[in-house]
Each structure stands twice: as C-alpha cells, then as structure tokens.
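Examination of the molecular architecture
So you can see what is in the structure, the chains are spelled out below.
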Amino acid sequence: MELSIRQEESTDHQIVFDLIKSAFQEEEISDHQEQFLVQRLRNSDAFIPELSLVAELNGQVVGHILLTKVLIKNDIQEFTSLALAPVSVLPNYQRKGIGGQLIQSAHQKAKSLGYTSIVLLGHENYYPRFGYQQAHLFGINFPFEAPRENCFVLELIPNTLQAVYGTIEYAQEFYQ
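Residues numbered from 1 in each chain as written. Predicted model: local features only at pLDDT ≥ 70, side-chain atom pairs only at ≥ 80, totals over all residues. Heavy atoms only, no water.

Now for the overall build of the chain. A tally of regular secondary structure across the chain gives 3 helices and 9 strands. Start at the N end of the chain and walk to the C end: the helices and strands fall as β-α-α-β-β-β-α-β-β-β-β-β. Whereas a compact globule of 176 residues would reach a radius of gyration of roughly 16 Å, the chain reaches 15 Å, a difference of no more than 12%. Overall size of the chain, expressed as C-alpha extent along the three principal axes, is 50 × 30 × 30 Å. For the chain, with 176 residues in total, the buried portion stands at 49%. Considering only contacts in the chain between residues 6 or more positions apart, those separated by 24 or more positions represent 68%. Carbon and sulfur atoms provide 45% of the accessible area of the chain, an area that totals close to 9500 Å². Taking the average location of the 12 positive side-chain charges in the chain and that of its 21 negative ones, the two points are 4 Å from each other. (Helix = DSSP H or I, 4+ residues; strand = E, 2+ residues; numbered from the N terminus. Rg over C-alpha atoms; globule rule 2.2 N^0.38 Å. Buried < 20%, exposed > 50% of the residue type's maximum accessible area, 1.4 Å probe, protein only. Contact = heavy atoms within 4.5 Å. Areas by Shrake-Rupley, 256 points an atom, 1.4 Å probe, with all protein chains shown as cover. Lys, Arg positive; Asp, Glu negative; His and termini not counted. Charge placed at Lys NZ, Arg CZ, Asp CG, Glu CD.)

Counting 59 residues, the largest nonpolar core has Leu 84, Val 119 and Tyr 132 as its most contacted members. Elements with a contribution of two residues or more to this core: α1 (13-24), α2 (34-42), β2 (47-57), β3 (60-73), β4 (78-89), α3 (98-112), β5 (117-121) and β8 (151-155). If we skip the residues at most four places from it in the chain, Tyr 132 touches Leu 84, His 107, Ile 118, Leu 120, Tyr 127, Phe 152, Val 153 and Leu 154. (Core = buried A, V, L, I, M, F, W, Y, C linked by side-chain atoms within 4.5 Å.)

The full count for this structure, using the stated rule, is 5 salt bridges. One salt bridge connects Arg 42 with Glu 8, and the closest N-O pair in it is separated by 2.6 Å. Taken together, the residues Arg 42 in helix α2 and Glu 8 in the loop between β1 (3-7) and α1 connect sequence positions 34 residues apart. Taking the relative accessible area as the measure of exposure, Glu 8 reaches 8% and is therefore buried. (Salt bridge = Lys/Arg side-chain N within 4 Å of Asp/Glu carboxyl O.)

Take the environment of Phe 36 next. Mapped onto the secondary structure, Phe 36 falls in helix α2. When the C-alpha atoms of Phe 36 and Arg 95 are compared, they prove to be 24 Å apart, with 59 residues separating the residues in sequence.

The omega angle of the peptide bond from Ala 85 to Pro 86 is -15°, so this bond is cis rather than trans. In this structure, Arg 95 takes a positive phi of about 65° despite not being glycine. Along the chain, Arg 95 falls in the loop between β4 and α3. You will see that Asn 159, though not glycine, has its phi angle at about 70°, which is positive. Note on placement: Asn 159 falls in the loop between β8 and β9 (166-169).

The end-to-end C-alpha separation of α1 is 17 Å, in line with the 16 Å expected for 12 residues at 1.5 Å each. Within α1, burial applies to Val 16, Phe 17, Leu 19, Ile 20, Ala 23 and Phe 24. The buried residues of α1 occupy one face: seen down the axis, they fall within an arc of 165°. Considering only its buried residues, α1 is in contact with α2, β2, β3 and β4. (Expected span 1.5 Å × (residues − 1). Arc of directions from axis to C-beta.)

Okay, here's the thing in structure tokens:
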C-alpha cells in the first residue's frame, strides 16, 4: 500500500467534498454536514492551507484532514490553538490506518509551523491513542454541550497548556 500525504490543492476540493460526504454518511453521531463545514473553513481567516492534507493511495485521494485556528480564552488571556475537524477516510479504506497516518502527519506539520496544541470533539476510544487527553483536565471548555469524554486536547509540545485555561472560541464558520 503506497500511501502519500500532501497538502490539499484547489483541484482536490470537489473530490474532498465527496470524500467527506461519503465518510460520514453512515456515522450516527454526525449532522452529515462536515463537507460544507470544510468548504466554509477554506474561506475563513482560521484556514491554514498547509494544514489541509489529503492521503493518496495509488493516485486516488482516499482521506483528508483539516486543522484550523481557534482561540482558548478566559477573562485575562487568549491562547492560539488548532481544531482538528474533520478527519475523513473513504469507507472502503477505513480501518487500515490511513486516518491515523493523516493525524500524525497533521501533528508534525502543525508543530513545524509553530503551533503547540490541538482541540477536538471526537470518539473517546480513538483519539487517546494519538496522545489526546480530556480537555476538562486542563480547565479547557468547549462552547457547546458535549459529553466530557468526547472533548479532547493535545499538547504538541509538553506542558504547553500548563497555564492555559478557558473556553474554546471557534471560527464563526463552525456555527453556520
């Protein structure tokens, strides 16, 4: 299996749209609108082109991941972080490690760009294997109701979040 991961290009947009739609089609905990979220985020100030990655297998795009800028804010300070949303793999290629490779590549790229942490809302049994921990342990809150066990943070650099606490402020495109 010759998997390569690269930055998404504008010529990939429709392929990625269809991929995301297909990846989340059978997902019970989904509003099935993730593909539209990615479209909106590409046109937002939160978008970082280098952190929109695709996985190609034998020339076919089979996966995608997106990290965008968020803030963690309290009454005293604000801290720049990233949000992972979403990671998508075509159904026929799921459970083959492609999502994990996308996540690890995105982590490495984010770190190389100087980012130090990532937040996400996701499956409680999947993300801890990549180092994600429950956000409440850091005093970090999500701006919406969600089960505590699904709210995660990752320190790309150890102790980055030691003095950080507050509520995540997502780009407005998350709420449209």
